[in-house]
Amino acid sequence: MADAPAPATRCGFVALIGAPNAGKSTLINALVGSKVTIVSRKVQTTRALIRGIAAEGASQLIFVDTPGIFAPRRRLDRAMVTTAWSGAHEADVVCVLIDARKGLDEEAEAILDKLAEVGAPKLLVLNKIDLVAKQALLALAKAANDKAKFAATFMISALSGDGVADLKAWLAERVPSGPWLYPADQMSDAPLRQLAAEITREKLFERLHQELPYHSTVETEVWKELRKGDIRIEQTIYVERESQRKIVLGKGGATIKAIGEAARREIAAIVEAKVHLFLFVKVREGWGEDPERYRAMGLEFPKD
Ligand SMILES: Nc1nc2c(ncn2[C@@H]2O[C@H](COP(=O)(O)OP(=O)(O)OP(=O)(O)O)[C@@H](O)[C@H]2O)c(=O)[nH]1
Ligand SMILES: [Mg+2]
């Protein structure tokens, strides 16, 4: 008796777009089943395209996390928003996330208005359904579907995982036929040194307030395996002014110590090794205008 033919594989890029804080990164982590991208309560956490990879049956889904889309002011904002739309234009399927509690506010409307320019099929994903009543959800789904053309609507909670499996199953059936682009066990395409820098940036977002997180960036300068298998990591936190450097350090170095300790613990769990993390805070006036910092973040430097 002949062997049954192997199921044909599928593989595709699924971009998640939406306003800042809609829950895109939370959803990618839930879909992948592991932390591949950072999350915070603050807006504009994600800065570049970050890929998280998941398998579902014979399908490989490559999820593309994007920065939130908003009305940009600074050069860094413009780079982030341009990058988010480029992620949508290059994907096989685009999931448009809307924070169901916020509904169709100005930011969400502006995104729906521009969706017609995106050629790929679009899914409406209403997120944070743990925070809203069913009735309001149905009304929101209708209003959004009246404004833009969606192939389907999903109502989920990225935080609790509610509805995430259904969304994943739908995507697995729709991505194009073709070979897998990544090994089956790979969950991210980002090098560990980049994820480590992002994790430290997440801790900065958690502990620093007002504008400071937006005036800082983190780069991994050294990643060295020591003889016992320990890893020595040196990172630089760039800020724009001496006053900001003082805040990041905190009284007697307390703030930087707490940030370093939280980041170290999380990085160690990911690499499954003892990690020695050294953080340096440097003032780099106008790093937001420095092409080199954009390259390090994986962003195009906007010319104007
Ligand atoms: N209650 C609730 N909170 C959620 C849900 N999904 C995400 N959040 C929270 O919303 C906040 C923003 O989540 P992120 O995943 O960082 O949002 P994002 O869309 O990636 O944000 P940017 O990267 O800034 O564009 C975090 O505090 C999350 O814990 C959800 O389904 N329910
Ligand atoms: Mg994000």
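Please refer to the structure higher up on the page.
Quick caveat, the model's predicted, so the values are computed rather than measured.

**Some remarks on the overall build of the chain**
And then number 1: Within the chain one finds nine helices and nine strands.
And then number 2: A compact globule built from 304 residues would reach a C-alpha radius of gyration of about 19 Å, and the chain, at 20 Å, matches this within 12%.
And then number 3: With respect to the principal axes defined by its C-alpha atoms, the chain has extents near 65 × 55 × 40 Å.
And then number 4: Counting every position in the chain, which comprises 304 residues, the buried fraction comes to 50%.

**Describing the coordination of the magnesium ion (ligand 2)**
And then number 1: Coordination of the magnesium ion (ligand 2) by the protein is provided by S25 (OG) and T46 (OG1), with metal-donor distances spanning 1.9 to 2.2 Å. Linking S25 in helix α1 (residues 24-32) with T46 in the loop between α1 and β2 (50-56), this pair joins segments that are 21 residues apart in sequence. T46 shares its class with S25; the two are buried.

**Some details on the side chain of T236**
And then number 1: Of note, T236 is situated in strand β8 (residues 231-239).
And then number 2: For T236, a relative accessible area of 2% gives the class buried.
And then number 3: Among the polar contacts listed, one links the side chain of T236 to the side chain of E221, at a separation of 2.6 Å.
And then number 4: The residues touching T236, leaving out its near neighbours within four places in the chain, are T217, V218, E219, E221, F280 and K282.

**Thoughts on the site of ligand 1**
And then number 1: Surveying the vicinity of ligand 1 reveals 22 residues, the closest of which are K24, T26, Q44, T45 and D130.
And then number 2: One of the side-chain N or O atoms of K24 is found 2.7 Å from an oxygen atom in ligand 1.
And then number 3: N127 is positioned with one of its side-chain polar atoms (N or O) 3.1 Å from an oxygen atom of ligand 1.
And then number 4: When the free accessible area of ligand 1 is taken as 660 Å², the share hidden by the protein chains comes to 91%.

**Some details on the pattern of salt bridges**
And then number 1: All told, the structure shown has 23 salt bridges when counted by the stated rule.
And then number 2: A salt bridge links R264 to E261; the nearest nitrogen and oxygen atoms lie 3.0 Å apart. With R264 and E261 both in helix α8 (residues 254-271) and three residues apart, this pair spans about one turn of that helix.
And then number 3: In this structure R264 comes out as partly exposed when scored by relative accessible area, which is 25%.
And then number 4: One connected set of salt bridges, linked through shared partners, spans K35, E202, K203 and E266.

**Observations concerning the nonpolar core**
And then number 1: One finds I17, W85 and L115 to be the most contacted residues of the largest nonpolar core, which totals 39 residues.
And then number 2: Secondary-structure elements contributing two or more residues to this core are β1 (10-18), α2 (75-89), β4 (93-99), α3 (106-114), β5 (122-127), α4 (134-147) and α9 (291-297).
And then number 3: Ranked by residues supplied to this core, first place goes to α2 with seven residues.
And then number 4: With near-sequence residues (within four places) excluded, L115 lies in contact with I17, W85, V96, K122, A148 and F150.
And then number 5: Counting 26 residues, the second-largest nonpolar core is a separate cluster that includes A22, A54, A152 and A158.

**Regarding α2**
And then number 1: Compared with an ideal rise of 1.5 Å per residue, which puts 15 residues at 21 Å, α2 spans 21 Å between its outermost C-alpha atoms and is within 8% of the ideal.
And then number 2: Within α2, eleven of the 15 residues are buried, which leaves the element mostly enclosed by the surrounding structure.
And then number 3: Here α2 has its buried residues at R75, L76, D77, A79, M80, V81, T83, A84, W85, G87 and A88.
And then number 4: The elements touched by buried residues of α2 are β1, β4, α3 and α9.

**With respect to the packing of aromatic side chains**
And then number 1: This structure, assessed with the given rule, holds three aromatic pairs.
And then number 2: Ring geometry for F154 and W170: centres 6.1 Å apart, planes at 75 degrees, overall edge-to-face. Taken together, the residues F154 in strand β6 (residues 152-155) and W170 in helix α5 (residues 164-174) connect sequence positions 16 residues apart. Considered together, F154 and W170 belong to a single accessibility category, that of buried residues.

**Looking at the pairing of strand β3 (residues 59-65)**
And then number 1: Among the seven residues that make up β3, seven are buried, leaving the element largely enclosed by the rest of the structure.
And then number 2: Residues S59, L61, F63 and D65 of β3 are buried on one face, and the alternating residues Q60, I62 and V64, pointing to the opposite face, are buried as well.
And then number 3: As paired elements, β1 and β3 share seven bridges and run parallel to each other. What sits directly across from C11, in β3, is Q60.
And then number 4: Across seven bridges, the pairing between β2 and β3 is antiparallel. Residue G52 lies in a different strand from β3, and its bridge partner there is F63.
And then number 5: Between β2 and β3, which pair antiparallel in sequence order, lie two residues; one of them, G57, sits at a positive phi of approximately 60 degrees.

Cut-offs and rules
Residues numbered from 1 in each chain as written. Chains lettered and ligands numbered in written order. Predicted model: local features only at pLDDT ≥ 70, side-chain atom pairs only at ≥ 80, totals over all residues. Heavy atoms only, no water. Helix = DSSP H or I, 4+ residues; strand = E, 2+ residues; numbered from the N terminus. Rg over C-alpha atoms; globule rule 2.2 N^0.38 Å. Buried < 20%, exposed > 50% of the residue type's maximum accessible area, 1.4 Å probe, protein only. Donors = N, O, S within 2.8 Å, 3.2 Å for Na, K, Ca; no water. Polar contact = N/O pair within 3.5 Å; in protein donor to acceptor, adjacent residues only side chain to side chain. Contact = heavy atoms within 4.5 Å. Near = heavy atom within 4 Å. Areas by Shrake-Rupley, 256 points an atom, 1.4 Å probe, with all protein chains shown as cover. Salt bridge = Lys/Arg side-chain N within 4 Å of Asp/Glu carboxyl O. Core = buried A, V, L, I, M, F, W, Y, C linked by side-chain atoms within 4.5 Å. Expected span 1.5 Å × (residues − 1). Phe/Tyr/Trp six-rings, centres within 6.5 Å; stacked < 30°, edge-to-face > 60°. Pairing = 2+ DSSP bridges.

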